[in-house]
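Fold and contact review
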Amino acid sequence: MFLSAVAVVSAQSIQYDASRKVWLLNTRVSSYAMGIAPDGELQHLYWGGPLWRIEDVPAAKTRDDISSFDPHEMLEAEEFPGWGGKRFYETALKVTRADGNRDLVLHYESHKTDGDTLSITLKDINNDIEAVLEYRVFADAGIVSRRAIIRNKSNQAITVESAQSATWNLPPGDGYRLTYLSGRWAAETQVNREPIHEGMKVLESRLGHTGHNFNPWFAIDKGEANEEHGSVWFGALAWSGNWRISVEQTPYKQVRVTGGFNTFDFAYPLKPGEQLETPVFYGGYAANGFGEASRLLHGLELSSIEPHGSAARVRPVLYNSWEATEFDVNEAGQTALAQKAAKLGVELFVMDDGWFGKRNTDHAGLGDWVVNPQKFPTGLGGLIKSVNALGMDFGLWVEPEMVNPDSDLYRAHPDWVMNFPGRPRSELRNQLVLNMARDDVKEHIFEVLDKLVTTYTFRYFKWDMNRIFSEPGWPEVSADAQRELWVKYVWNYYEIMDRLRKNHPELEIESCSGGGGRIDLGVLRYVDEVWTSDNTEAFDRLQIQEGFSQAYAAKFMSAWVTDVPNTNGRSTPLRYRFLVAMQGALGVGSNLNKFTDGDTKLATQMVALYKRIRETVQFGSLYRLLSPRTNDTTANEYVSKDGKEAVVFAFRHSQQYNTEPPTIHPQGLEPRGVYQLELWDGTLLEKSSGAYLMENGIHVNLRGDFDSTAVLLHGQ
Ligand code: DGJ
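Residues numbered from 1 in each chain as written. Predicted model: local features only at pLDDT ≥ 70, side-chain atom pairs only at ≥ 80, totals over all residues. Heavy atoms only, no water.

What follows covers unusual backbone geometry. The step from Val564 to Pro565 runs through a cis peptide bond, and the omega angle for that step is -10°. Unlike most non-glycine residues, Thr189 shows phi in positive territory, near 45°. By the element assignment, Thr189 lies in strand β12 (residues 187-195). Exposure remark for Thr189: the relative accessible area of 8% places this residue in the buried category. (Helix = DSSP H or I, 4+ residues; strand = E, 2+ residues; numbered from the N terminus. Buried < 20%, exposed > 50% of the residue type's maximum accessible area, 1.4 Å probe, protein only.)

Under the criterion given, the structure shown has 37 aromatic pairs. A centroid spacing of 5.3 Å and a plane angle of 55° characterise the contact between Trp233 and Tyr285, whose relative ring orientation is tilted. Here the residue Trp233 occupies a position in strand β15 (residues 232-238), and Tyr285 occupies one in strand β20 (residues 280-286), the gap between them amounting to 52 residues. We note that Trp233, like Tyr285, is buried. (Phe/Tyr/Trp six-rings, centres within 6.5 Å; stacked < 30°, edge-to-face > 60°.)

A few words on empty space enclosed by the protein. Counted according to the given criterion, the structure contains five cavities of 30 Å³ or more. Here the largest cavity is characterised by a volume of approximately 190 Å³. Lining the largest cavity are 20 residues; nearest its centre among them are Gln545, Ser549, Gln583, Leu622 and Tyr638. Breaking the lining of the largest cavity down by element, the ones donating at least two residues are α3 (289-305), α10 (538-551), α12 (597-619), β31 (621-626) and β32 (633-639). (1 Å grid on protein atoms, 1.4 Å probe; cavity = no way out; pocket = protein on both sides within 12 Å on 5 of 7 lines; lining within 4 Å. Points joined across faces, edges and corners; volume = space filled by probe spheres on them.)

Partitioning the protein chain into domains gives domain 1 (5-305), domain 2 (320-619) and domain 3 (625-715). Between the C-alpha centres of domain 2 and domain 3 there is a distance of 34 Å. Listed by partner, the interface residues are 24 residues for domain 2 and 26 residues for domain 3. In total, domain 2 and domain 3 occlude about 2,100 Å² of area from one another, counting both sides; carbon and sulfur atoms represent 66% of this. Across the contact surface, domain 2 and domain 3 share three salt bridges. With its nearest N and O atoms 2.9 Å apart, the salt bridge here joins Arg629 to Glu546. Mapped by element, the contributors of at least two residues to the side of domain 2 that touches domain 3 are α10, α11 (574-581) and α12. With nine residues, the single largest contributor to the side of domain 2 that touches domain 3 is α12. Class assignment of the residues belonging to the side of domain 2 that touches domain 3 gives a composition of 14 nonpolar, six polar and four charged. (Domains from an automatic or database assignment. Contact = heavy atoms within 4.5 Å. Buried area = accessible area lost by both parts, 1.4 Å probe. Salt bridge = Lys/Arg side-chain N within 4 Å of Asp/Glu carboxyl O. Nonpolar A, V, L, I, M, F, W, Y, C, P; charged D, E, K, R; others polar.)

Given below as structure tokens:
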């Protein structure tokens, strides 16, 4: 009886105790609570492991000032503080009214619940500005999402200067540690871990896109969590433009994470009656370490973010011609590569840059999305037909937001690029950025892409974006509306993909931005996979992929096998390169014309192996067993949803002193299940129970430099 009472209460994802004005949001693995203080402030009350009794959560209270320098507002954990009154930490909303009044004090007004969504309306004490806080509970995924809708309810214009999606308050105290992802082109998603001290750390992009430098994800622990143990609070912001996440420890031992639109160069005007919606900020709590935090996010992405949801097909094995041919594409060359790719077992053949306009180098052609008649005298139809006849789908590279000054599009519409009149138009990779915030530019891009898919009926776009913004001017609109560009550009990017997908339900899209410059939970609503990094060097990739996996599921992680020597001049064996790439959505980017018979044989074997395990890799649970940052052996394990299949990948960097590699302890197996072990080459090993394998570990005989293996575990 006692237990069933627990089950009944925790089944409700949103509970409200009207007498004490407390809400409790429950997921499978966590709870989150907030309440209204006597003065009307919406205060944060709890974020941690699952609770079943709302009465346990103390009601919000208004504290006393400590001194005239430490007002009570600075001590309280507000859910969505406005900048006004006596608040001088990072606030979630800051506005200026047309008359210059900038004070904003948000108090509870009303709330409503609709299924798993709770909307709490806060209003300024003058009743003129409203913030609707939307909380959505993904109970099975163990995630709560938050966003805010800011409304101008007054009769004068306002300018929103900061619109954050959420403030996340950690349980009071200090000793916290922040984990975040940073990097640069060809070295994305590097894991950083550092103590949080008093003051503020800002992770952000001011670049127009998500950025290679930081990724909008954080994890915070108490300084003692590891992959499988310890409390971890984490979050990921769904926005592919300028974003900002600040992590702040106040002098009152309160750690707060605030994230949303970047406040840098931000000014969004709202006329009376208008509103601004912030991006969604997903957050979660994991009791079992960074590994569980990642698995919760991966589960959310696969169940609730990925555009095809649970109907998403397993990612096909892809071939991409870029590293083999660069701009030198033509029908004969691509057909020859396609024939070789098909023999390896490739299922999706993607032609990269170089097929359009005068695109023989990166100096010309962007913007002119017409097939180059010298390279493809009869259009793309012939190549696509050959690719389809070989049993493969066809995919096409585009970079629709960009224009080379040497292009017909730029000559016709020089005003379409973002610019400040009379100022330089700075080129990067010889290209300028179209102002996709403009509706005419958005329509043009949509029509170009829609026409390509309609004309040629293919399956896949690789949508690239190869530079950051500069001179983000929009001279055609009034000065006060110009900075809307930062936001509207991204909305229009999402809208184009949404419309394309609706018009062509089979169409798949890859998000690429010179590698991993546009990877976030916003773009994942519209794309099937993302290009992880232009760095395809397998050893470097182990760390890039480790970072990627903190926040994003393997299914989205495009990973190619390419030729050696690669970046850094390093050469690793073909088997090693395949096994590294098989931990995501496998692709091949090698110049197949240079493959030896031995390479072809091994590649065919590896592609066949991948097809056997990819369901487990792409949709299973990831356990990062040994990190490339701390070991000479890296090991990752993927366990299928039903727990019956698993695969352990292991890579040794450099054996020294004839030492044994570490024993690898798989996780997530059924302790009472019996598993048949099989090596990557089909050799059957012993049978062992899950309990024995997890306790005793697997001994892999990795020797020398860049040795690698994969062990398949089949539940009997
Ligand atoms: C950058 C991408 O990341 C590469 O994969 C390739 O598509 C090039 N652009 C083509 O210009």
